[in-house]
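So the chains spell out like this:
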Amino acid sequence: MDTRNELLDQAEEFARRRGFDGFSFADLANSAGIRKASVHYHFPAKADLSFALMERYRAVFMDKLHAISAAEPMASTRLLQFLNLYRQASDGGRSLCLCVALSVTQTALPKASLAELAAFHGDVIAWLETVFRLGQADGTLRHVSDPRAEAHAAMAQVEGAQIVARAAQDASRFEATIGTLVARSL
């Protein structure tokens, strides 16, 4: 693996477990076994790192959503697979997905990173909207009235579920919070 990607992997792990403000370039250098100056070679400032992290995360996450759409013909299964992505990212209440970790510390992020974060949310909400529209059509999701509003609510629910689980360090809090979404699947 190249150094830049290794640094992104380490930075993502730190951000998800400690928060974006909870690690330094010195932490990255130590974890990668390189000098701090080498971190700055790849990312001149932490702002550059935040943008690179979010840009990569958005691409990877959207690839996962597209794979779910390609593999799962029913809306209910797509929704359950989506919930599983957030469940896995929560790691039993020990972690947050990167978008949640960056959202809670967004005052420290530059405009470019905030724009990438907003684009991520827009992309995921658009995907969820198609899932809820499909759920109306195929009848596998209960009580779908407004797919766009449902998508926004589902996004808020899974992100909130991660925060609740993380605060309590308890995976059951995540499950309890997403329970209404799971119950909608037939």
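Residues numbered from 1 in each chain as written. Predicted model: local features only at pLDDT ≥ 70, side-chain atom pairs only at ≥ 80, totals over all residues. Heavy atoms only, no water.

K.L.:
Tell me what's going on with helix H2 (residues 25-32), and back it up with residues and numbers.
P.N.:
The α-helix advances 3.6 residues per turn, and as a result positions three or four apart in sequence lie on the same side. Buried within H2 are the following residues: Phe25, Leu28, Ala29 and Ala32. For H2, the angular spread of the buried residues around the axis is 100°, confining them to a single face. Contacts made by the buried residues of H2 are with helix H1 (3-18), helix H3 (36-42) and helix H4 (46-71). You can read the cap of H2 off the contacts: a side-chain oxygen lies 3.2 Å from the backbone nitrogen of Ala26, and it is on Ser24. Where H2 terminates, the next one or two residues include Gly33, which has phi positive at roughly 70°. (Buried < 20%, exposed > 50% of the residue type's maximum accessible area, 1.4 Å probe, protein only. Helix = DSSP H or I, 4+ residues; strand = E, 2+ residues; numbered from the N terminus. Arc of directions from axis to C-beta. Contact = heavy atoms within 4.5 Å. Polar contact = N/O pair within 3.5 Å; in protein donor to acceptor, adjacent residues only side chain to side chain.)

K.L.:
Which residues make up the environment of Met62, and what are the values?
P.N.:
Position of Met62 among the secondary structure elements: in helix H4. Assessed through its relative accessible area of 11%, Met62 is described here as buried. Excluding anything up to four places from it in sequence, Met62 contacts Asp123 and Val124.

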